[in-house]
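Here is how the chains run, residue by residue.
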Amino acid sequence: MRGLSAGVIKLTARSRIKLLVNLLSRSISSMDRLSRESDRRFLQHFDFFLFDCDGVLWNGNTVLPHAVQTVDKLMHAQKKVLFVTNNCTRTRNDYCLKFARLGFPAIDSKFIFTAAATTSWFISRKFGPGASTFLVVGPKSLVEEMRLEGLEGITVDDQKNPSDWADIDRPSISGVVVGCDVNFNYYKLVLASSYLLDSSIDFVATNSETRHPTSSEHVIRLGTGALVAPLEVASGRKAFSVGKPSPTMFHHMRAEFPEMNSERCLMIGDNLTTDIKFGNDSGMKTLLVETGVHRDTDIPHVTRDCSPDFVGGSLCNLIENL
């Protein structure tokens, strides 16, 4: 692994070996520890720590053990801590409030990158602010983030099913933008698919993630990807996905933090096919934590670009030595 000491290289090869460190719990008594000096060298290799949120820092409204302390210590160590989530159901300001409510140190919205914010950033760069109107099949938070970028998003939440489908009201738009819409219905599917028959209409998804972690292994919480799929089938088109693992989110971060060097970034996530692939494709080092979607036993079943550099329960012993 480039730039790390030989003692760490042994642990960072993509060999499916668990990294003997912790991130969100202190249950490490049965694990060997890296030496204190190795811990420091490991952390000194990184300037930016990128955290997924759901399944890494919290599950729903329950903060995971020692997540707060981990973020706090990294910030006090003058590390840049960014939060990168495919969840588009909250605005960045909503996330600031959630961080505060769960006891995290004060987080400025500029350090928060949501799929909704990056989608809005991407569209505004492509079309220019104020130039276009978009049909939004998604939450109000997505419409709000678009508004902050000078874009108009229209929704159809209150639209009644017409008696004659040929009479569907279709105002002029430049694109269809799909997010995690908990009120997704047949009418929205018909309307969005009808727009997409026109190849000049852009088709953008906030992300392709099909499910989000929950506190119950018996319940599936559908993600945006699960709603994009029927639109793709109905329209015969493929959506451009903005969120992880797309590099678009990394481009957004680089635009806000030009000094960001991917080789000095650690991406920490719970999902191999989104978080870990995103980090790998962006040239970062990656750490899978087993508090959300995937475990180390899932690694043999994914492609190499979805395999993490590190696997572990927590980084607490490293953080303690800052």
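Each value, and the rule that gives it
Residues numbered from 1 in each chain as written. Predicted model: local features only at pLDDT ≥ 70, side-chain atom pairs only at ≥ 80, totals over all residues. Heavy atoms only, no water. Helix = DSSP H or I, 4+ residues; strand = E, 2+ residues; numbered from the N terminus. Polar contact = N/O pair within 3.5 Å; in protein donor to acceptor, adjacent residues only side chain to side chain. Core = buried A, V, L, I, M, F, W, Y, C linked by side-chain atoms within 4.5 Å. Buried < 20%, exposed > 50% of the residue type's maximum accessible area, 1.4 Å probe, protein only.

Draft legend 1. Structural detail: the side chain of histidine 45. Mapping histidine 45 onto the fold places it in the loop between helix 2 (36-44) and strand 1 (48-51). Here glutamate 263 takes part through its backbone oxygen, which lies 3.5 Å from a polar atom of the side chain of histidine 45.

Draft legend 2. Quick peek at the nonpolar core. Ranked by internal contacts, the top residues of the largest apolar core, which has 27 residues, are Phe51, Leu57, Phe83, Phe99 and Phe104. Every element with two or more residues in this core is listed here: helix 2, strand 1, helix 3 (67-76), strand 4 (80-85), helix 4 (92-101), strand 13 (265-269) and strand 14 (285-289). Of the residues forming this core, the biggest block, four residues, is contributed by helix 3. If you look at the next biggest cluster of nonpolar residues, it comprises 26 residues, including Phe48, Leu50, Ile123 and Met267.

Draft legend 3. Here's a closer look at unusual backbone geometry. A cis amide bond, omega 10°, links lysine 244 with the succeeding residue proline 245. Phi at histidine 66 is positive, roughly 70°, even though this residue is not glycine. Along the chain, the position of histidine 66 falls in the loop between strand 3 (62-63) and helix 3. The residue glutamine 78 is not glycine, and still its phi comes out positive at about 65°. Tracing the chain through its elements places glutamine 78 in the loop between helix 3 and strand 4. We classify glutamine 78 as exposed; its relative accessible area is 66%.

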